[in-house]
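# Understanding the architecture of this molecule
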Amino acid sequence: MKIGVLGTGNMADALATHWARAGHEVLVGGRDERKARRLATRIGGGAGHGTLRAAAGFGEVVLAALPYAAGAEVVGELRAPLTGKALLDCANPVGPGFRLLTEGGPSAARRLASAAPGAHVVKAFNLCHEDVWRMTPPVFDGRPLAVPVCGDDETALARVHELVRDTGCEPVPGGGLDRAGLLEATAALFIGLWVAEQADVQAIAPPLAYASGPRAGSA
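Source: prediction; values computed, not measured. Along each chain, numbering runs from 1 in the same order as the chain's sequence is written. It should be noted that, the model being predicted, local features are given only for residues of pLDDT at least 70 and side-chain atom pairs only at 80 or more, the latter also being counted only at that level, while totals for whole chains, interfaces and linings use all residues. Processing note: side-chain calculations cover all non-hydrogen atoms of the structure and skip hydrogens and water entirely.

## Re the packing of helix α4 (residues 68-77) against helix α6 (residues 108-115)
Any two packed helices are characterised by the angle at which their axes cross and by the distance between the axes. Here an axis means a line fitted to C-alpha atoms, over the contact stretch when the element is a helix, while the angle between two N-to-C directions is reported on a 0 to 180 degree scale. Helix and strand definitions here come from DSSP, where helices need a minimum of 4 consecutive H or I residues and strands a minimum of 2 consecutive E residues; each element is numbered from the N-terminal end. With their axes 8 Å apart at the nearest point, α4 and α6 run at an angle of 20° to one another. With respect to each other, α4 and α6 are oriented roughly parallel. Both α4 and α6 take part in a crossing whose hand is right-handed. In this structure, α4 contributes Tyr-68, Gly-71, Ala-72, Val-75 and Gly-76 to the contact, and α6 contributes Ala-108, Arg-111, Leu-112 and Ala-115. Basically, the charged four are Asp, Glu, Lys and Arg, the nonpolar ten are Ala, Val, Leu, Ile, Met, Phe, Trp, Tyr, Cys and Pro, and anything else, Gly included, counts as polar. For the contact of α4 with α6, the per-class residue count stands at six nonpolar, two polar and one charged. Reported orientations rely on four angle classes, namely roughly parallel under 35 degrees, roughly antiparallel over 145, roughly perpendicular from 65 to 115, and oblique for the rest. Handedness of each helix crossing follows the sense of rotation of the near helix against the far helix: counterclockwise by less than a right angle gives left-handed, clockwise gives right-handed. Should any heavy atoms of two residues lie within 4.5 Å, those residues are counted as being in contact.

## Structural notes on the packing of helix α1 (residues 10-21) against helix α2 (residues 33-43)
It is the contact of α1 with α2, at a shortest axis distance of 9 Å, that shows an interaxial angle of 45°. With respect to each other, α1 and α2 are oriented oblique. The hand of the α1/α2 crossing is right-handed. Here α1 contributes Ala-12, Asp-13, Ala-16, Thr-17 and Ala-20 to the contact with α2, which in turn contributes Leu-39, Arg-42 and Ile-43. Grouping the amino acids of the contact of α1 with α2 by side-chain chemistry returns five nonpolar, one polar and two charged.

## Overview of the nonpolar core
Side-chain atoms within 4.5 Å link the members of a nonpolar core, which is a set of buried Ala, Val, Leu, Ile, Met, Phe, Trp, Tyr and Cys residues. The rule is simple: take the accessible area with a 1.4 Å probe, protein chains only, and divide by the maximum for that residue type; under 20% is buried, over 50% is exposed, in between is partly exposed. Counting residues in hydrophobic clusters, the biggest one holds 35 residues, and the most contacted among them are Leu-88, Phe-125 and Trp-133. Mapped onto this core, the elements with two or more residues apiece are β1 (2-6), α1, β2 (25-29), α2, β4 (61-64), β5 (86-89), β11 (146-151) and α8 (154-166). Tallying contributions element by element places α1 first for this core, with seven residues. Setting aside its immediate chain neighbours within four residues, Trp-133 contacts Met-11, Ala-14, Leu-15, His-18, Phe-125, Cys-128, Leu-145, Val-147 and Cys-169.

## As for the packing of aromatic side chains
Aromatic rings from Phe, Tyr and Trp, with only the six-membered ring used for Trp, were paired whenever their centres fell within 6.5 Å, and each pair was classed as stacked if the ring planes differed by under 30 degrees, edge-to-face if by over 60, and tilted otherwise. Inspection of every chain in the model, using the stated rule, returns three aromatic pairs. Between Trp-19 and Phe-125, the aromatic rings sit 6.1 Å apart at their centres with planes inclined by 65°, giving edge-to-face as the arrangement. With a gap of 106 residues between them, Trp-19 in helix α1 and Phe-125 in the loop between β8 (120-123) and α7 (130-133) connect regions that are remote in the sequence. The exposure class assigned to Trp-19 is buried, which follows from its relative accessible area of 0%. Since its relative accessible area comes to 2%, Phe-125 is described here as buried. Judged by centre distance (5.1 Å) and plane angle (85°), the rings of Phe-125 and Trp-133 are edge-to-face. The buried category is assigned to Trp-133, whose relative accessible area is 2%. Among the aromatic residues, those joined into a ring-pair cluster are Trp-19, Phe-125 and Trp-133.

## Re the pattern of salt bridges
Whenever a carboxyl oxygen of Asp or Glu lies within 4 Å of a side-chain nitrogen of Lys or Arg, that contact is scored as a salt bridge. Counted according to the given criterion, the structure contains eight salt bridges. Among the salt bridges present, the one from Arg-134 reaches Asp-13, with a minimum N-O distance of 3.3 Å. Here Asp-13 lies in helix α1 and Arg-134 lies in the loop between α7 and β9 (139-140), a separation of 121 residues in the sequence. For Arg-134, a relative accessible area of 31% corresponds to the partly exposed category. Close ionic contact of Asp-32 with Arg-34 constitutes a salt bridge, the shortest N to O distance being 3.6 Å. Judged by relative accessible area, which is 54%, Arg-34 ranks as exposed.

## Focus on the sheet that holds β5
Across the sheet, which stays open at both edges, the eight strands sit in the order β3-β2-β1-β4-β5-β8-β11-β12 with mixed pairing between neighbours. Of all the strands in the sheet, just β3 (48-50) and β12 (170-173) have a single pairing partner and so form its edges. The mean angle between the axes of side-by-side strands here comes to 25°, regardless of whether they run parallel or antiparallel. Contacts between α8 and the sheet are confined to β1, β4, β5, β8, β11 and β12, with β11 contributing the most and set at about 165° to the helix. What makes two strands pair is DSSP finding at least two bridges between them.

## With respect to the environment of Phe-98
For Phe-98, the location among the structural elements is in the loop between β6 (94-95) and β7 (99-100). The spacing of Phe-98 and Leu-193 is 95 residues in sequence and 9.2 Å in space, taken between C-alpha atoms.

Structure, rendered in structure tokens:
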């Protein structure tokens, strides 16, 4: 698969490294081409580098590893080369005090979809710190990390599910793009609990067998 990467930060580094190791063709694009070249060298696997526009035109899947504040503007400038592509959004619109910056408005993913209406936006990889995605693989207590994925286009979803598996994780269908805001709100909640309260959010939910209530005879 050909993967374009918009951005040269930590999430671009963590995810694209997995994909290059899995044998995908990667091209890193940035406003600063020197940073793009350095990241491509670090990723290895023959990863290329160039402009943001070059990365948008290169990939069958394009990772938008961009800050929330810049995402819609950058994607809007690239709407033509992004047409027909799977656009993978991993941004978290979380501000001071772990506040959800999109509250009362469209999700970050929806804003990208509005900026590039010909692209097929998919939301994933937003619930964990970039260093978790650097793990090879992210497995905890013998279980691969589950990654919720939201989107509307079946081909784009299938490609992103493949890329989730290439990180050593398991994709979980999260519904359509209308549910991406729930993922973003979950990230705001989790980050606040992890950072401010030092809480283990894995302890919040019961095991699947108990999701609809205790089993007969277990109370």
